[in-house]
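# Understanding the architecture of this molecule
Single-letter residue listing:
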Amino acid sequence: MSLLAALKSETADQHAALENGLDLFKRAATADGYVELVKKFYAICRPMERRLVDAMDWELAGWDFEARLKTGWLEQDLQALGMSPEQIQNIPLCAFVPPAENLGQAIGCLYVLEGSTLGGQLISKRLRETLGITPETGGQFFSGYAAETSAQWKRFGEWAEGLVASDPSLQPVAVDTAKATFDCFFRWFDC
Ligand code: HEM
């Protein structure tokens, strides 16, 4: 089974449970609820991405990780929603993000982070309809790569599949870490 097929099938139940448990549409039904939601995503994405940035030489791994970072989008959203940089810095961060010490683990974690941009498109559309939030007014994270989402997802898949083709031992590590990453979201959002 290809890496992406394995990641998808092995985490399908977790994705469905997270989607139901998170109930993003309910959490984002009011302006205050939406700010809390963005804070929660910031508090989990920041330590995850920090760990990933330090995990390896991304240039050597052939991945422009900087272009994919979501923490900056979340900071931009929180500022657009009225928080000061000091208030953002003081948000308590998730202290139990999964390990990202090698390429296999990084692929698993990135799968979940990159995959979240797919569902983000639905959420972004809903935010605009219900709260009038656009990427410029606090919805950049959920808007993600916008019209480029499918292309960016395809590029991620090709990159990850290419790595696994040259080193198949990465696949089980990536799958285990994707599962651990979903668990972490689950626990953090108390679903
Ligand atoms: C209300 C919340 C969510 C909705 C409605 C949603 C919806 C979706 C949709 C429509 C897709 C595309 C499925 C496809 O094209 O095959 C998707 C894929 C994905 N989502 Fe979500 N999602 C939500 C939350 C999340 C969250 C919070 C995460 C991770 C933190 C996540 C991770 C993923 C991943 C990894 C994929 C890729 C699945 C694959 O391998 O094709 N989703 N989601």
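Above this text sits the structure in question.
No experiment lies behind these values; they were computed from the predicted model shown. (Residues numbered from 1 in each chain as written. Predicted model: local features only at pLDDT ≥ 70, side-chain atom pairs only at ≥ 80, totals over all residues. Heavy atoms only, no water.)

All right, on to the coordination of the iron atom of the ligand then. Inspection of the coordination sphere of the iron atom of the ligand shows a single protein donor, His 15 (NE2), at 2.1 Å. Position of His 15 among the secondary structure elements: in helix 1 (residues 3-22). (Donors = N, O, S within 2.8 Å, 3.2 Å for Na, K, Ca; no water. Helix = DSSP H or I, 4+ residues; strand = E, 2+ residues; numbered from the N terminus.)

For the rest of this paragraph, the subject is unusual backbone geometry. A negative phi angle characterises most non-glycine residues, just as the trans form characterises most peptide bonds. For Asp 23, which is not a glycine, the phi torsion comes out positive at approximately 45°. Within the element layout of this structure, Asp 23 appears in the loop between helix 1 and helix 2 (24-27).

On to the packing of aromatic side chains. The tally for this structure, following the rule as stated, stands at 16 aromatic pairs. With 5.0 Å between their ring centres and 65° between their planes, Phe 141 and Phe 142 make a pair best called edge-to-face. Summarising the burial analysis for this pair, Phe 141 and Phe 142 share the class buried. With centroids separated by 6.1 Å and ring planes inclined at 45°, the aromatic side chains of Phe 156 and Trp 159 adopt a geometry described as tilted. Placement of the pair is Phe 156 and Trp 159 together in helix 9 (residues 149-166), with a separation of three residues, close to one helical turn. For Phe 156, a relative accessible area of 0% gives the class buried. Three or more aromatic residues joined by ring pairs make a cluster, and in this case those are Trp 58, Trp 63, Phe 65, Tyr 111, Trp 153, Phe 156 and Trp 159. (Phe/Tyr/Trp six-rings, centres within 6.5 Å; stacked < 30°, edge-to-face > 60°. Buried < 20%, exposed > 50% of the residue type's maximum accessible area, 1.4 Å probe, protein only.)

Inspection of every chain in the model, using the stated rule, returns seven salt bridges. Across the pair Glu 114 and Arg 68 runs a salt bridge, and its minimum N-O distance is 2.7 Å. Here the residue Glu 114 occupies a position in helix 7 (residues 103-130), and Arg 68 occupies one in the loop between helix 4 (58-61) and helix 5 (71-80), the gap between them amounting to 46 residues. Salt-bridge contacts for Glu 158 lead to Lys 154; the nearest nitrogen and oxygen are separated by 3.3 Å. Here the residue Glu 158 and the residue Lys 154 both occupy positions in helix 9, the gap between them amounting to four residues, near one helical turn. (Salt bridge = Lys/Arg side-chain N within 4 Å of Asp/Glu carboxyl O.)

Turning next to the site of the ligand. Not every one of the 17 residues close to the ligand is listed here, only the nearest: Lys 8, His 15, Glu 19, Tyr 111 and Gly 115. Contact distances for the ligand include 2.9 Å between an oxygen atom and a side-chain N or O atom of Lys 8. Tyr 111 places a side-chain nitrogen or oxygen 2.5 Å from an oxygen atom of the ligand. Looking at the shell around the ligand, the elements that each hand over two or more residues are helix 1, helix 7 and helix 10 (170-188). (Near = heavy atom within 4 Å. Polar contact = N/O pair within 3.5 Å; in protein donor to acceptor, adjacent residues only side chain to side chain.)

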